[in-house]
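# Coordinate inspection notes
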Amino acid sequence: MLDPKFKRKVWCCVGGAALALLLALFWLVRVEVTRHYQGVYLLRQGPYHLVLTDAILLGQEDRLLFALHWDKVDSILHFRKSFAPRSAHLQYDWFQADGSGFVRNVFPDGTMLLTCFSRFVDAGNAIPRGVFVGGNVPYESGSASPQEGESGMAFFDGKKWRHLWGNANEGIALGDGSRQLSPSKWEFLGSRVLVSSREKMVLSSSHRVAGEGMVLHIDRFAVFKAGEPYFILVNRVRNEGKASALYFYVYGDEPSVGDYGGSTGNVGWGNGRLFQYETGLDPERDSYFGMYDHGNSAAGETKGYTNLANFIESLGVRPDLMYFSNRLGFFASEKERVPLKSPTSRVLFMQWGPRQLAPGDADVYVLAIGMAGSRPGYDIPVKPGISFTDRDISDLLARHGKD
């Protein structure tokens, strides 16, 4: 039998070691609870610290040390999920408090279109909150690794995810436009699921942007209909200040259509033609454009591509500027014959402004964003017909806030 004094010493040593371990963990590990509850994840944070969290975002995979995914626990315990019959339907997950989530549009043949919102770090080096395209599904979900193609918007063809849109380069600039505010710099006022059914979904978020004596209130709506290969983004920008407001609104992307992570093979397309070179478009004539993973012969690309295409269409106020380029903020004229050839950043871009708003007035921007189709024997993508009408826009705005 052990001597009681020796036993006390052992227990003191064990207790001291446990306390030291707890103190070390308290110093080393920061706990972050997002209330997404997708699993338990341990991430590196610098050389000496760790983060324990319940969600993981795109770009954090290389910091992951340990993961316990709810989906894996779910399958081990044999919990049953309800699956819809083979008809087009919508599935979603939305986290109202921080305005993030995703929507799956499942087609009758089992293929699906996935759109993610505010699950990424934007140009402001922070995570936006609200209806902003970008990021990935929960790390464990889907039929392929998220970093391989589930960023922003992706298409699952039954075997593999194919990339359509990345983290949108979206922003507002007040005054002369010299300083663009990315979505993470917009004040987040809240988000809601306005409509939730198998056939239709409407997500919303509200924001405020202020500076240089101006105050803009922005309401955003994302409208999905089952079976349609796109969604509708409605932006209502209202001047809440006491003076006239001058601002710019921009939306662009280097979408890496086809295989996530690179622009090789992407060529621009529009109404009845391809765009192989940097160029500006005529917004009065061209209401839509997109990228096509077909190979750009002007860049020496001839075969081996997915032939997947995206599109974006302005349904409301036409932009003042539209262009294809190898980098944001600049484009050559088509006659200069600068091929779209960047391996990582073949860009399409839209700009509205400078726009002048009197106090109390509002601008409404309506975009259809999604996947284009194809036609046998036709070498140019085909934009789907858009079922969202001017009456739908008016009804949406009338039901949800000021007109």
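Data block above holds the structure.
The present account deals with the structure reproduced in this document. Values in this document were obtained by computation on a predicted structure and should not be read as measured data. Starting afresh in each chain, residues are numbered from 1 along the sequence in its written order. In keeping with the model being predicted, local features are shown solely for residues with a pLDDT of at least 70 and side-chain atom pairs are shown and tallied solely at 80 or more, while totals for entire chains, interfaces and linings include all residues. Processing note: side-chain calculations cover all non-hydrogen atoms of the structure and skip hydrogens and water entirely.

## Some details on the nonpolar core
- The criterion is simple. A nonpolar core is a set of buried Ala, Val, Leu, Ile, Met, Phe, Trp, Tyr and Cys residues joined through side-chain atoms within 4.5 Å. Only protein chains enter the area calculation, which uses a 1.4 Å probe; residues under 20% of their type maximum are buried, those over 50% are exposed, and those in between are partly exposed. Counting 51 residues, the largest nonpolar core has Phe117, Phe231, Tyr251 and Ile312 as its most contacted members.
- Numbering goes from the N terminus for both helices and strands, where a helix is a DSSP run of H or I of at least four residues and a strand is a run of E of at least two. Looking at this core element by element, the count peaks at 5 residues for strand S14 (residues 214-225).
- Leu194, Val223, Tyr230 and Val267 belong to the second largest nonpolar core, which has 21 residues in total.

## A closer look at unusual backbone geometry
- Cis geometry marks the peptide bond from Gly353 to Pro354, where omega comes out at 10°.
- Along the chain, Pro354 falls in strand S23 (residues 347-357).
- In this model, Glu212 sits at a positive phi of 55°, which is unusual for a non-glycine residue.
- On the secondary structure map, Glu212 appears in the loop between strand S13 (200-211) and S14.
- Phi at Arg337 is positive, roughly 55°, even though this residue is not glycine.

## Some points on the packing of aromatic side chains
- Pairing of aromatic side chains here covers Phe, Tyr and the six-membered ring of Trp, requires ring centres within 6.5 Å, and sorts the geometry by plane angle: under 30 degrees stacked, over 60 edge-to-face, intermediate tilted. Tallied over the full model, the rule gives 15 aromatic pairs.
- Ring geometry for Trp94 versus Phe117: centroids 6.1 Å apart, planes at 70°, classification edge-to-face. Taken together, the residues span a long stretch of sequence, with Trp94 in strand S5 (residues 89-95) and Phe117 in strand S7 (residues 112-117) at a distance of 23 residues.
- On the accessibility criterion, Trp94 (10% relative accessible area) is buried.
- Taken together, the ring pairs in this structure connect Trp94, Phe117, Phe224 and Phe231 into an aromatic cluster.
- Note that Arg273 overlies the ring of Phe275, its terminal NZ or CZ placed 3.9 Å from the centroid. Should the NZ of a Lys or the CZ of an Arg lie within 6 Å of a ring centre and within 35 degrees of the ring normal, that charge is described as sitting over the ring.

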